[in-house]
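Close look at the chain arrangement
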Amino acid sequence: MSAAPEPGTVTVWSDLGCPWAALALHTLRTTARERGQDLLIDHRAFPLELFNNQPTPKFIVEPEIVVISAHRPDLGWRLWAGREYDYPSTMLPAMEAVQAAKDPSVGGLRGSDELDAGLRHAFYAESRCVSIPSEILAVAATCEHVDEQALARALERGAGRAEVYAQWRVAQGPGVQGSPHLFAPGGYASHNPGAHVEWTGDPNKGGVPRLDRYDPSWAGELLDRLAQGQGSAGA
């Protein structure tokens with residue numbers, strides 16, 4: 001396995017609980033939809049909790065949600081509004097489900113991306129605990145291209161777990177810089193595209209993120225590159 005994309009796809013390395021990744025994916029999907037351009041995304045896991053040996057802290061995620069939402073209120077995100085003890089302590093089961101959904105008998109790349117989008121919306125906008133199978137499968141049931149019964153059977157067999165760990169091993173190498181990191185044919189690679197952000201200090205000591213600006217034009221440029229590559233391939 002490598003970090004590079006398959007022809008005709010955008011490969012996105014990310015953690016499902018990373019707000020910056022959710023922002024990048026929302027921007028890319030929205031731009032493609034507005035342009036009427038077909039888009040295939042191959043999701044690869046960059047599991048922060050495996051890198052850091054701890055759950056991604058809520059006190060880091062929520063300030064990021066605040067600053068991102070100020071720039072992109074169309075996301076519909078909010079701070080966690082569920083019961084405190086329902087806050088997800090792990091995103092591994094959700095990321096495993098996204099990998100399991102790639103199986104053509106479950107949903108393929110299109111279904112996998114629908115599930116990823118649905119799980120992110122459930123977490124960031126609806127305060128749902130996407131760590132548990134019932135919530136994952138409830139989201140899957142709303143995805144047009146996902147067979148939730150097939151996904152349920154796949155998860156019972158442990159599908160997706162080996163893929164997440166294998167991708168984590170690859171992500172430890174120099175090719176993937178963090179969550180999100182996007183790759184497309186023709187040598188395109190960008191870590192956290194469009195976001196000009198820095199922390200005011202150590203978040204463990206009260207530092208908060210500052211998003212100076214967010215430029216979404218990167219998504220159109222990436223889609224142009226993808227369309228040109230597809231045109232060349234079909235010529």
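This report concerns the structure included in the present document. Note that the structure is predicted; figures quoted are calculated from it, not measured.

Cut-offs applied
Residues numbered from 1 in each chain as written. Predicted model: local features only at pLDDT ≥ 70, side-chain atom pairs only at ≥ 80, totals over all residues. Heavy atoms only, no water. Buried < 20%, exposed > 50% of the residue type's maximum accessible area, 1.4 Å probe, protein only. Helix = DSSP H or I, 4+ residues; strand = E, 2+ residues; numbered from the N terminus. Arc of directions from axis to C-beta. Contact = heavy atoms within 4.5 Å. 1 Å grid on protein atoms, 1.4 Å probe; cavity = no way out; pocket = protein on both sides within 12 Å on 5 of 7 lines; lining within 4 Å. Points joined across faces, edges and corners; volume = space filled by probe spheres on them. Nonpolar A, V, L, I, M, F, W, Y, C, P; charged D, E, K, R; others polar. Expected span 1.5 Å × (residues − 1). Salt bridge = Lys/Arg side-chain N within 4 Å of Asp/Glu carboxyl O. Right-handed = clockwise from strand over helix to strand, strands pointing away. Pairing = 2+ DSSP bridges. Axes fitted to C-alpha atoms, helices over the stretch in contact; angles between N-to-C directions.

Some remarks on helix H6 (residues 133-140)
Within the sequence span of H6, burial applies to Ile 136, Val 139 and Ala 140. Buried residues of H6, seen end-on, are gathered within an arc of 105 degrees and therefore sit on one face of the element. The secondary structure elements touched by the buried residues of H6 are helix H4 (92-100), helix H5 (108-124) and helix H7 (148-156).

Remarks on empty space enclosed by the protein
Summed over all chains, the structure comprises three cavities of 30 Å³ or more. The space that makes up the largest cavity amounts to roughly 120 Å³. Around the largest cavity, the lining residues are Asp 15, Gly 17, Glu 49, Pro 55, Thr 56, Val 61, Tyr 87, Pro 88, Ser 89, Thr 90, Met 91 and Phe 123. A class-by-class count of the residues in the lining of the largest cavity yields six nonpolar, four polar and two charged. What lines the second largest cavity is Ser 14, Leu 16, His 43, Arg 44, Ala 45, Met 95, Val 98, Gln 99, Asp 116 and Arg 120. At the level of elements, strand E2 (41-45), H4 and H5 are the ones that each hand at least two residues to the lining of the second largest cavity. Among the residues forming the lining of the second largest cavity, the class breakdown is four nonpolar, three polar and three charged.

Some words on the layout of surface pockets
Space left empty within the atom packing is revealed by a probe, the size of a water molecule, rolled over the atoms. Volume-wise, the largest pocket comes out at about 550 Å³. If you trace the largest pocket, you find 22 residues lining it, with Arg 29, Thr 30, Arg 33, Asp 113 and Ala 117 closest to the centre. If you list the elements that add at least two residues to the lining of the largest pocket, you get helix H1 (19-35) and H5. Considering only residue class, the lining of the largest pocket consists of nine nonpolar, six polar and seven charged. If you add up the space inside the second largest pocket, you get close to 350 Å³. For the second largest pocket, the lining is made up of 20 residues, of which Leu 48, Asn 52, Thr 56, Ile 60 and Glu 64 are closest to its centre. Mapped onto the lining of the second largest pocket, the elements with two or more residues apiece are H1, helix H2 (48-52) and helix H3 (58-71). Considering each element in turn, the lining of the second largest pocket owes the most residues, four residues, to H3. Broken down by class, the residue content of the lining of the second largest pocket amounts to ten nonpolar, nine polar and one charged.

Quick look at the environment of Gly 17
Within the element layout of this structure, Gly 17 appears in the loop between strand E1 (10-14) and H1. For the pair Gly 17 and Trp 77, spaced 60 residues apart in sequence, the C-alpha to C-alpha distance is 13 Å. Apart from the residues lying within four places of it in its own chain, the contact partners of Gly 17 are Val 61, Met 91 and Tyr 124.

What about H1?
When the terminal C-alpha atoms of H1 are compared, their 24 Å separation across 17 residues agrees well with the 24 Å that a helix rising 1.5 Å per residue should span. In the segment just after H1, Gly 36 is the residue with positive phi, at about 70 degrees.

What about the pattern of salt bridges?
Under the criterion given, the structure shown has 16 salt bridges. Residues Arg 210 and Asp 212 are paired through a salt bridge, measuring 3.4 Å at the closest nitrogen-oxygen approach. According to the relative accessible area criterion, Arg 210 is partly exposed, its value standing at 37%. Among the residues examined, Asp 212 registers a relative accessible area of 49% and is labelled partly exposed.

Comments concerning the pairing of E2
Across the five residues that make up E2, a large majority, five, are buried. What you see with E2 is no split at all: Ile 41, His 43 and Ala 45 on one side and Asp 42 and Arg 44 on the other are buried throughout. With respect to chirality, the unit in which E1 leads through H1 into the neighbouring parallel E2 is right-handed.

A word on unusual backbone geometry
Outside of glycine, negative phi angles account for most residues, and trans bonds account for most peptide bonds. Of the consecutive residues Ser 179 and Pro 180, the connecting peptide bond is found in the cis state with omega at 0 degrees. Looking at where Pro 180 falls in the secondary structure, it is placed in the loop between helix H8 (161-171) and strand E3 (181-184). One non-glycine residue, Asn 192, lies in the positive phi region at around 50 degrees. Within the secondary structure, Asn 192 is located in the loop between strand E4 (188-191) and strand E5 (195-199).

What about the sheet that holds E4?
Taken together, the four strands give an open sheet; going across it, the order is E2-E1-E3-E4, and neighbouring strands pair in mixed fashion. Each end of this open sheet is capped by a strand with a single partner; those strands are E2 and E4. For this sheet, the mean angle separating the axes of adjacent strands, direction not counted, is 15 degrees. In the packing of H1 onto the sheet, the strands contacted are E1, E2 and E3, and the crossing angle to E2 comes to about 175 degrees. Strands E1 and E2 of the sheet are contacted by H8, whose axis makes an angle of about 80 degrees with E2.

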